[in-house]
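One-letter residues, chain by chain:
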There are 2 protein chains.
Amino acid sequence: MCRRIFRLIGVQLAVLWMAQLSMVQAQEHPKLILTKAGVERIRAELGTVPLFDASLERMQADVDAEIAMGIDTPIPRDYSGGYTHERHKRNFLMLQKAGVLYQILQDEKYARYVRDMLFQYEAMYKDLPIHPKERSYARGKLFWQCLNDSNWLVYVSQAYDCIYEWLSAGERQQLETNLFRPFADFISIENPQFFNRIHNHSTWGNAAVGMIGLVMGDEELVERALYGIKDDGLKAAERDDDGGLIRMEGQKAGFLANLDEPFSPDGYYTEGPYYQRYASYPFLLMAVGLQNIRPEMQIFAHKDSVLLKSVYALINLSDADGEFFPLNDAQKGMSYYSRELVSAVNIAYHYGEKDPELLSIAKKQGRVLLTDSGLSVALGLREDKSLPFEKSSVNLTDGAEGKEGGIAVLRRDDLELVFKYTAQGLSHGHYDKLSYMLYDRGQDILQDYGMARFVNIEQKGGGNYLKENTSWAKQSIAHNTLIQNETSHFDGRYETGSKHHSELYFYDTSNKEIQVVSAKERNAYPGTELHRTIALIAEEGYDHPIVLDILKVEAEGDNQYDLPFHFMGQLMEANFQYETPAALEAFGTKNGYQHLYLEGYGTPSGINTQLSWYRSGRFYTLITTSEAEDELLFTRLGADDPEFNLRRDAAFMVRRKGHPSTVFASIIEPHGSYSPVSEIAVKAESKIKALKILYSDREYLVVGVEDQTGNRSVFLMVLDDADKTKEHKLIINNTEYAWTGPYYYLKSKQ
Amino acid sequence: MCRRIFRLIGVQLAVLWMAQLSMVQAQEHPKLILTKAGVERIRAELGTVPLFDASLERMQADVDAEIAMGIDTPIPRDYSGGYTHERHKRNFLMLQKAGVLYQILQDEKYARYVRDMLFQYEAMYKDLPIHPKERSYARGKLFWQCLNDSNWLVYVSQAYDCIYEWLSAGERQQLETNLFRPFADFISIENPQFFNRIHNHSTWGNAAVGMIGLVMGDEELVERALYGIKDDGLKAAERDDDGGLIRMEGQKAGFLANLDEPFSPDGYYTEGPYYQRYASYPFLLMAVGLQNIRPEMQIFAHKDSVLLKSVYALINLSDADGEFFPLNDAQKGMSYYSRELVSAVNIAYHYGEKDPELLSIAKKQGRVLLTDSGLSVALGLREDKSLPFEKSSVNLTDGAEGKEGGIAVLRRDDLELVFKYTAQGLSHGHYDKLSYMLYDRGQDILQDYGMARFVNIEQKGGGNYLKENTSWAKQSIAHNTLIQNETSHFDGRYETGSKHHSELYFYDTSNKEIQVVSAKERNAYPGTELHRTIALIAEEGYDHPIVLDILKVEAEGDNQYDLPFHFMGQLMEANFQYETPAALEAFGTKNGYQHLYLEGYGTPSGINTQLSWYRSGRFYTLITTSEAEDELLFTRLGADDPEFNLRRDAAFMVRRKGHPSTVFASIIEPHGSYSPVSEIAVKAESKIKALKILYSDREYLVVGVEDQTGNRSVFLMVLDDADKTKEHKLIINNTEYAWTGPYYYLKSKQ
């Protein structure tokens, strides 16, 4: 008792003293994520808010179990997945939780646990050498990379804030002098190549330094976090261990630069949703800290509320099951059920406009943060305010100014088509301009491979990027896009790719029966223009919407073009003859081709090539326009894969040689149903009879579709004038078509 | 009105007249599946029994939609999956439903629909030639095989029974004379090779003839159905189009023989659960008809209630998700959610002991039959009587007398291990003596391939068996069992296989911590004895139970042994060096080996070979005892597969040459967890340090396991004396072990 009173007096004295130095220190702790007032509100509602109480109970069970096991802060040794890595990771997660529990339950055992563990770290840190594992471009001390050290500090800042007032001034000084300040300096000043980038790594570093600075009331650290290190001595050409450039010439650094640069005005994060999810935690937690301690910054309003928009962008870039579309480097299966998205949704709800649609996501997540924002969400759910989050079609710009291409998601019924015409996406970008993936009820029908990495599984390359990520997953051939002369876009060069982006031609989803996106790429292959137009058409007489995919290539000379379709499922039928080789050999030697076996090859049987497959209860047919000399290829992944790192996925590929200009028109038609329980196959055959290119010149491109019952439809497009008000006229086979704007779709019944 | 009264009088007169001829006709219609009294009970409860009402509503919606579309009885033309096949199939399903609706709702539109369609069939049938498709050994008329014609009659008998009294005597006579009687004769007398077998085909034929006979009061048909055709003129060596023998010398025929022969006293159906499910419908429906019309037969008590036991056997042969273990020919995914199992569960509940555990299955199924038994189930659920169906370990004998081997399922926590030591399983049997499959939470971890067939998907070989079913799926190498000299068991010969079965050595699940099954096979390879023992051990210190698999081979000379593990999932790690070839070539030329590519090969690094993989959130490690000259092989399915009919599944194989006697001891250890959402890998490494064969002679076999923390356990077994009371003593490394019975398991902590 006595001790506690003494400590409180000490804290108050300290507060009074510090207040003269800085406004930052004027508030009582906790003040970073939890606030004094917030804790009071939380305590007042305890036992009356089901989701909050359940989350609290689970957290308490977790932490109590850890406390019972005792504290271990082993000498760092392992890569991710190994014991020391996972132990230190678990430690920082537990410290943060224990801090929160101390505040909410006011049970000192949690404060003691935090204090005791912090002092073990304090005792260890000052003599701790650089981590023995050498793979990283910025090795940490507790972990093999500064990134993970920064994770530690982002979480531990919160824990420290929670027991700040419970500690004696002497204890605080000891921790700050021997642990936090040197820790913050190590991940920033001593590692500018890590701290001073535009990259999710730096965001973690910036937030770590900023959050501990805010808690300690250390202005210098907060400024360093917000604006970066002034003179970092970095050279422009340095690279990280994933091959990413450290920084571009003249680039800014720090938390605000990392907010301004990689986020587009629509909230799209240029690395893609997988890394956005990862970076969202430091972005949003640091923002909450700034909002609480420096409300005058109005951080949530910054750049037209880009932080709040980014949460919506993330949710909109997830499939029907909440799994993020695997754009660029991304582990498939990551979803809005992750802990980072619990934070993101809670914070966007509380600091945004209390959007009831966010509550439905929180409800699915089934847990909330034990903070002011988590309480808000739990109260909203208690009051049954939730509305369904309606995902509709969306077009998100890329680039700090929203002028570097973008991502379009066309949605209708069960189908989601993700069309990528972005910038490079920093060091995690893939070389797949104008690629797309197709989802049906949350299943990928035409897949993007994702990344070649088993995150945190130590047996698989230390849980880090595998070499097949570069040799396969990043290459153009790993995506549903066009490959010229077996070479990846930008020749697979990051510096070149980083200078360019695709250009939106138009995006129009005003008519829900036909939603269209069209974009051009002029730099992937010098001298060649790729122009791809995707339409999601809800056509009468079809069970489901169909995808129309028109890819026009204009090149300077004769080339070889490969157009792969990474179909997922069991092959049903092909309408052409093909051979299957007796032995499987690698299909190429580089740019990803070395990882493919050729499983079959044939030539078209007519003007259309058809291929159908089955996946998860539904049939799919690809119909594509063919030329007599086209090669039709079945490939299988798995060559040059000595560690069995790659999945044995199939692809179907159209290869065409020798045209400076050519058009690939294709339809993907989902149809019918089958279940191994009913064993009833319904509409297992495509409804489409023919797909034809009816007209093609420099100005116009027209394709026609005829179904089995004789109905015809025509899609006309203007190739180089997206003016919505421009009138066009075209006569094809004695029929005159007149329309306004860049495209026109006409249905006619037999 | 007048017409209806007249009809009723006519019926009553007819009934009076017929009653003098036979007791069969004495009851009023409906009497086969629905009964007059049952319909009254159903009508009295309408609107008060939720599951029944919902099922009725769904059925009415189905039938109303069909009625609105009009009747089509096309000229037969297609294989399964094709229009005429699927149309006639849908017709019989609709006729049965419409008959039921007429009885329950007493709305004559359903009676008219049945009558009108029946008369279209009547008009068509008499001139209908044999079906044009020639693949079947017993071609039908409406369908390509008599089997499907029999399906039709099983359903249509019920429809006819429902409108029997509503029809005029003249209408009945016309239908019976021109349609039903010739139909019944065609599938029996004119196709004895189909009707007079012991086979699920014949069960359908028998039930079809019997059910229409019961409705028509045709004693001759009923007798023919029950006891088969007396003089069928069949020769013993004939075969069906799947390669199955038509019949054995001196075999009985008919419904009762099909009940007596393929069912063991435990209710295991020798073809396996997939076909048992298929045959269960005619078995149980015919039985209900006999129970209603010939109650004196006490058909449900027949052979110690084998029909009721069979329903329990079926449910026990399903995994955690209700999917049947794919023993013998079986399409993966078939489950107790199928329509046949709705019937089976309803009937077993109603005609059995109203077992509340069956109600929990019915609840999951979410629908009931619209019959007396369906009403019983729905009432039971309305009254909340349901109890969970607890699946525990089970050992089911095979063979009419229960003396031809069997199937054991060892269950503990999330794990299910299915060990097969049955007889051949008639023409759908696979050559996989002493094979097993392992399931964890309903996922196959060591798989059985199932069958190579896409049932009813016309694009894939007419929906019928693909040639890869014989060349791959039936072969021994497609299973987790031992293959000698690259030859399948019984040299893949059906006649040989049909003469033999494995022998149970012992089965003991009395101790839930260690459940053991052991069996021997002496005939798969003449001169070689295989003795396999599987233990499911719930061992302290392990997260999950582990599987201990001891396979002892005693041969007369030197052989090559292949022991494949068809692991499912992503390979994590191997503890030995291996090479991966630049080109993939077929691993063999016959007996299934021609479908495998060799993807990697190596040799053991020590006394144990370890391989770990990941599937659905969990890690698995195989630890197996190795000899220095063993070859360790990675194979991939897909060679010689010109139509892409096979899945590209992996296997790992141990190859050992040149021992007349050898032991393969292995452990499968499930451990840890991983999720792509948390990205946290827990216990990704095996806990096992070493697995050793400590002792091996003709009498005893002893293996020892040591874990990473130094705990040791020992499994001792007696090889040729399963006497539970016999005492044994053995000294190994100066330690004396004394125990009673065929095995002993000893744990010792470090």
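Residues numbered from 1 in each chain as written. Chains lettered and ligands numbered in written order. Predicted model: local features only at pLDDT ≥ 70, side-chain atom pairs only at ≥ 80, totals over all residues. Heavy atoms only, no water.

Taking an unreviewed UniProt entry as the reference, chain A is identified by name as Alginate lyase family protein belonging to Robiginitalea aurantiaca. Of the comments in the UniProt record for chain A, the one headed Subcellular location (unreviewed entry) reads "Periplasm". (UniProt positions renumbered as here; feature names shortened; annotations may be inferred.)

(A) Summary view of the overall build of chain A. On a plain count of helices and strands, chain A comes out with 18 helices and 23 strands. Over its C-alpha atoms chain A spans a radius of gyration of 28 Å, differing by no more than 12% from the 27 Å that the globule rule assigns to 750 residues. The C-alpha extent of chain A, read off along each of the three principal axes, is 95 × 55 × 55 Å. When burial is assessed residue by residue, chain A has 65% of its 750 residues classed as buried. Of the charged side chains in chain A, 80 are positive and 105 negative, and the gap between their average positions amounts to 3 Å. (Helix = DSSP H or I, 4+ residues; strand = E, 2+ residues; numbered from the N terminus. Rg over C-alpha atoms; globule rule 2.2 N^0.38 Å. Buried < 20%, exposed > 50% of the residue type's maximum accessible area, 1.4 Å probe, protein only. Lys, Arg positive; Asp, Glu negative; His and termini not counted. Charge placed at Lys NZ, Arg CZ, Asp CG, Glu CD.)

(B) Region of the structure containing the sheet that holds strand 2 (residues 406-412) of chain B. Residue and element names in this part refer to chain B. The five strands are arranged 1-2-3-4-5 in an open sheet whose pairing can be described as antiparallel. Edge strands, defined here as strands with exactly one partner in the open sheet, are strand 1 (394-397) and strand 5 (443-446). This sheet shows a mean twist of 20° between the axes of neighbouring strands, independent of strand direction. Relative to strand 2, strand 1 is paired through four bridges, and the arrangement is antiparallel. In the sheet register, Leu-396 faces strand 2, and the bridge partner there is Ile-407. (Pairing = 2+ DSSP bridges. Axes fitted to C-alpha atoms, helices over the stretch in contact; angles between N-to-C directions.)

(C) A look at the pattern of salt bridges. All names here are of chain A. What the rule picks out here adds up to 100 salt bridges over all chains. Residue Lys-332 is joined to Asp-444 by a salt bridge in which the shortest nitrogen-to-oxygen separation is 2.8 Å. Pair noted here: Lys-332 is in the loop between helix 13 (302-316) and helix 14 (339-351) and Asp-444 is in strand 5 (residues 443-446), with a separation of 112 residues, a long-range link. Ionic pairing is found between Lys-726 and Asp-721, a salt bridge with its closest N-O pair at 2.5 Å. (Salt bridge = Lys/Arg side-chain N within 4 Å of Asp/Glu carboxyl O.)

(D) Region of the structure containing the relation of the copies chain A and chain B. Of the transformation superimposing chain A on chain B, the axial component is 0.0 Å and the angular component is 180°, with the fit at an RMSD of 0.0 Å. Taken together, the rotation and translation describe the operation of a two-fold axis. No C-alpha of chain A approaches the rotation axis more nearly than that of Leu-584 of chain A, which lies at 2.4 Å. Both copies contact each other with a shared surface, as 100% of the interface residues of chain A are interface residues in chain B too. (Least-squares fit on C-alpha atoms with pLDDT ≥ 70 in both. Contact = heavy atoms within 4.5 Å.)

(E) Structural context of unusual backbone geometry. All names here are of chain A. Each neighbour pair has its own omega, and for His-29 with Pro-30 the value is -5°, a cis peptide bond. We note that Asp-491 has phi near 55°; this positive angle belongs to a residue other than glycine. On the secondary structure map, Asp-491 appears in the loop between strand 6 (483-484) and helix 18 (494-497).

(F) A look at the pairing of strand 18 (residues 650-657) of chain B. Residues and elements named next belong to chain B. The buried fraction of strand 18 is high, at seven of eight residues. Here strand 11 (residues 560-565) pairs with strand 18 via six bridges, running antiparallel. Within strand 18, the residue paired with Asp-562 across the bridge is Arg-655. Where strand 17 (residues 631-637) and strand 18 come together, six bridges link them in antiparallel fashion. Bridging from a neighbouring strand, Glu-631 pairs with Arg-655 of strand 18.

(G) Expanded view of the environment of Gly-213 of chain B. All names here are of chain B. Looking at the element boundaries, Gly-213 is found in helix 9 (residues 200-216). Since its relative accessible area comes to 0%, Gly-213 is described here as buried. When the C-alpha positions of Gly-213 and Phe-180 are compared, they lie 9.0 Å apart, and in sequence the two are 33 residues distant. If we ignore the near neighbours within four places in the chain, the residues touching Gly-213 are Asp-218, Leu-221 and Val-222.

(H) Representation of the sheet that holds strand 10 (residues 546-554) of chain B. Residue and element names in this part refer to chain B. Strands sit in the order 7-8-9-10-19-16-15-12 across an open sheet of eight strands; the sheet is antiparallel. Strands with a single pairing partner mark the edges of an open sheet, and in this sheet they are strand 7 (503-508) and strand 12 (570-574). Strand-to-strand twist across the sheet, computed as the mean angle between neighbouring axes with direction ignored, equals 15°. Where strand 10 lies against strand 19 (residues 661-671), eight bridges are found, and the strand directions are antiparallel. Bridge assignment links Asp-549 to a residue of strand 19, and that residue is Ser-666.

(I) Here's a closer look at helix 9 (residues 200-216) of chain A. All names here are of chain A. Its 17 residues place the ends of helix 9 24 Å apart at the C-alpha level, agreeing with the 24 Å of an ideal helix rising 1.5 Å per residue. Among the 17 residues of helix 9, 17 are classified as buried, and the element is accordingly described as predominantly covered. Positive phi appears at Gly-217, one or two residues downstream of helix 9, with a value of about 70°. (Expected span 1.5 Å × (residues − 1).)

(J) The arrangement of the interface of chain A and chain B in detail. Taken together, the contact pairs 50 residues of chain A with 50 residues of chain B. When the two sides are added together, the surface that chain A and chain B hide from each other amounts to roughly 4,200 Å², 53% of it contributed by carbon and sulfur. Considering only the side of chain A, the residues that lose the most area to chain B are Gln-459, Phe-644 and Glu-679 of chain A, jointly responsible for 18% of the buried surface there. Run the count over chain A and chain B and you get two salt bridges. Applying the counting criterion to the chain A and chain B interface returns 21 residue pairs in polar contact (both at pLDDT 80 or more). Ranked by the residues each element gives to the side of chain A that touches chain B, the list is headed by strand 11 (residues 570-574) of chain A, at four residues. (Buried area = accessible area lost by both parts, 1.4 Å probe. Polar contact = N/O pair within 3.5 Å; in protein donor to acceptor, adjacent residues only side chain to side chain.)

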